[in-house]
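# Descriptive structure summary
Below are the chains, spelled out letter by letter.
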Amino acid sequence: MRSEFRHEQRGVRGTTKPAPRLVSGTVSELLDFFGKCPQCGYAATATESVCRYDNDRVDSKIYVTCALPCGWGAMAKPGTRTVRPTPQP
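One structure accompanies this document, and this report is about it. These numbers were taken from a predicted model, which means no experiment stands behind them.

## Some words on the side chain of S49
Counting through the fold element by element, S49 comes out in strand β2 (residues 44-53). Take S49: its relative accessible area is 14%, and that puts it in the buried class. Those residues within four positions of S49 in sequence are excluded, and the remaining contacts are T26, V27, D59, S60, K61 and Y63.

Structure (structure tokens):
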């Protein structure tokens, strides 16, 4: 019985797909972002990171941070050009 169990385990391992590999990644500043920091009211800046994988998947994330060192930062949805205040604990 043990040999049958080992054979089944080997079959399960062989059917898993390898994880997609990162082909390229870029980070660029969004120059048409005109939001303000919800913490201090100063201008906020945004950058977009784009990751491309070998299975044709493309992930895009937008990071918004305060232009002053107040410490505020958030991740926004792609296509977002405004900042919503985050609730304070």
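## Focus: the sheet that holds β2
Here we have four strands laid out as an open sheet, ordered β1-β2-β3-β4, and antiparallel in their pairing. Both outer strands of the open sheet, β1 (22-29) and β4 (73-76), are each paired with one neighbouring strand and no more. Adjacent strand axes in the sheet meet at a mean angle of 20° when their direction is disregarded. By the bridge criterion, nine bridges tie β2 to strand β3 (residues 58-66) in an arrangement that is antiparallel. Among the inter-strand pairings, T45 is bridged to a residue of β3, identified as T65.

## A closer look at unusual backbone geometry
A positive phi angle, close to 70°, is found at D56, a residue other than glycine. You can see D56 is positioned in the loop between β2 and β3. For D56, a relative accessible area of 73% puts it in the exposed group.

## What about the nonpolar core?
Judged by nonpolar contacts, L30, F33, C37, A44, A46, I62, V64, C66, W72 and A76 together constitute the single largest core of ten residues. Those elements that provide at least two residues to this core are β2 and β3. The greatest single-element share of this core, amounting to three residues, is contributed by β3. Discounting chain neighbours no more than four positions away, the residues touching C37 are Y42, A43, A44, C66, C70 and W72.

Conventions and cut-offs
- Residues numbered from 1 in each chain as written.
- Predicted model: local features only at pLDDT ≥ 70, side-chain atom pairs only at ≥ 80, totals over all residues.
- Heavy atoms only, no water.
- Helix = DSSP H or I, 4+ residues; strand = E, 2+ residues; numbered from the N terminus.
- Buried < 20%, exposed > 50% of the residue type's maximum accessible area, 1.4 Å probe, protein only.
- Contact = heavy atoms within 4.5 Å.
- Pairing = 2+ DSSP bridges.
- Axes fitted to C-alpha atoms, helices over the stretch in contact; angles between N-to-C directions.
- Core = buried A, V, L, I, M, F, W, Y, C linked by side-chain atoms within 4.5 Å.

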